[in-house]
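# Secondary and tertiary structure notes
The chain contents come next:
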Amino acid sequence: MDRRNFLKKSGLATAGLVVASQLSPVESLAEKIENETQFVLPKLPYDFKALEPHIDALTMEIHYTRHHKAYVDNLNKACADNKIKVGSIEELLSNISKYPAAVRNNGGGHYNHSLFWKLMQANGDGLPKGPVFEAINNSFGSFDAMKLKFSEAAKSRFGSGWAWLVVRDGKLDIGSTPNQDNPLMDISEFKGKPILALDVWEHAYYLKYQNKRVDYITAWFNTINWEMVNELYTSK
Ligand code: MN3
């Protein structure tokens, strides 16, 4: 089995990891993977202009190539500085209270943006699909009521942060977190499994929308990849 197949089979490839150097086939593979892995910037699933006119190409380019890349680079540095073994990002976040602020901020930044990119697409039809649509109706009464509640969470988050739709104890809930915190973190007041995420840091919208966060929130609803939301909702 070659290294890439081994990574796929072991599940490490899907956790956003990569092995940095070549291994000879007889070396202890497990040990090498643990010692030589790094978090990586995931590939953007569309080009920078794909989400226009809702999110402009320059914002996407800067957001992805500078902001997200910086979170990944700084997370790898923080893990190296603190001798933290690189593994699953979800596991790191669930124990985040044990680690320094640089791991919390950059680990959150890496996870949040990786999820955020996946949850958007060009030419979205704007309507939830499948079982998650049913769950939205059951939890909030209607899709419009869910939109209103989500928009309110995104609008009212003071300063920088994120708005979330999560699954908790089999039910959907909406809330927000400050900075790069997220609902997977043990220190978070708002917990759950994220299935929809919106970045409300000014860097996510200021070039096109300036101080009009509400216009950005309204436009962003047109970019949601509801098939992905449904996939996250129905997985596990
Ligand atoms: Mn951001």
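Our structure is the block above this text.
Residues numbered from 1 in each chain as written. Predicted model: local features only at pLDDT ≥ 70, side-chain atom pairs only at ≥ 80, totals over all residues. Heavy atoms only, no water.

Below, the discussion takes up the coordination of the manganese ion. By definition of the ideal shapes, four donors in a tetrahedron about a metal sit 109.5 degrees apart, and six donors in an octahedron sit 90 or 180 degrees apart. Donor atoms from the polypeptide that coordinate the manganese ion comprise H63 (NE2), H113 (NE2), D199 (OD) and H203 (NE2), at 2.0 to 2.1 Å from the metal. Taken in sequence order, the residues that donate to the manganese ion follow the motif H-x49-H-x85-D-x3-H. On the criterion of sequence distance, the pair formed by H113 in helix 5 (residues 101-118) and H203 in the loop between strand 5 (193-199) and helix 8 (206-209) is long-range, its members being 90 residues apart. Exposure remark for H113: the relative accessible area of 0% places this residue in the buried category. (Donors = N, O, S within 2.8 Å, 3.2 Å for Na, K, Ca; no water. Helix = DSSP H or I, 4+ residues; strand = E, 2+ residues; numbered from the N terminus. Buried < 20%, exposed > 50% of the residue type's maximum accessible area, 1.4 Å probe, protein only.)

The N-to-C vectors of helix 7 (residues 143-156) and helix 9 (residues 213-220) enclose an angle of 145°; their axes lie 10 Å apart at closest approach. Considering how the two elements wind past one another, helix 7 and helix 9 form a crossing that is right-handed. On the side of helix 7, the interface is formed by F150, S151, A154 and K155, while helix 9 contributes R213, V214, I217 and W220. Of the residues assigned to the contact of helix 7 with helix 9, the class counts are 5 nonpolar, 1 polar and 2 charged. (Axes fitted to C-alpha atoms, helices over the stretch in contact; angles between N-to-C directions. Left-handed = near helix turned anticlockwise from the far one by under 90°. Contact = heavy atoms within 4.5 Å. Nonpolar A, V, L, I, M, F, W, Y, C, P; charged D, E, K, R; others polar.)

With antiparallel pairing, the 3 strands of this open sheet are ordered in space as 4-3-5. What marks the edges here is a single partner per strand, and that holds for strand 4 (171-178) and strand 5. Each strand of the sheet is rotated relative to its neighbour by a mean of 20°, with strand direction disregarded. Strand direction decides the pairing type here: strand 3 (residues 161-168) and strand 5, joined by 6 bridges, are antiparallel. (Pairing = 2+ DSSP bridges.)

Inspection of every chain in the model, using the stated rule, returns 11 aromatic pairs. Look at Y64 and W117: their rings are 6.1 Å apart centre to centre, the planes differ by 75°, and that puts the pair in the edge-to-face class. With Y64 in helix 3 (residues 57-81) and W117 in helix 5, this residue pair connects regions lying 53 residues apart in the sequence. We note that Y64, like W117, is buried. Between Y209 and Y216 the ring centres are 6.0 Å apart and the planes differ by 55°, which places this aromatic pair in the tilted class. No difference in accessibility class separates Y209 from Y216, as the two residues are buried. Site record: aromatic cluster; members linked through ring pairs are F48, Y64, F116, W117, W162 and W164. Stacked on the ring of F221, the Lys or Arg K147 has its end atom at 5.2 Å from the ring centre. For the cation-ring pair, K208 lies above Y209, with the distance from its terminal atom to the ring centre recorded as 5.7 Å. (Phe/Tyr/Trp six-rings, centres within 6.5 Å; stacked < 30°, edge-to-face > 60°. Lys NZ or Arg CZ within 6 Å of the ring centre and 35° of its normal.)

With that settled, consider the packing of helix 6 (residues 130-140) against helix 7. As a packed pair, helix 6 and helix 7 sit with axes 8 Å apart at the nearest point and diverge in direction by 75°. Comparing the axis directions of helix 6 and helix 7 gives the class roughly perpendicular. Taken together, the residues of helix 7 that come into contact with helix 6 (itself represented by F133, I136, N137 and F140) are F143, A145, M146 and K149. (Parallel < 35°, antiparallel > 145°, perpendicular 65-115°, else oblique.)

As paired strands, strand 3 and strand 4 are joined by 8 bridges and run antiparallel to one another. Across the sheet, the residue bridging to V167 is L172, located in strand 4. Linking two consecutive strands that pair antiparallel, namely strand 3 and strand 4, is a turn of 2 residues; a positive phi of about 50° is found at D169 within it.

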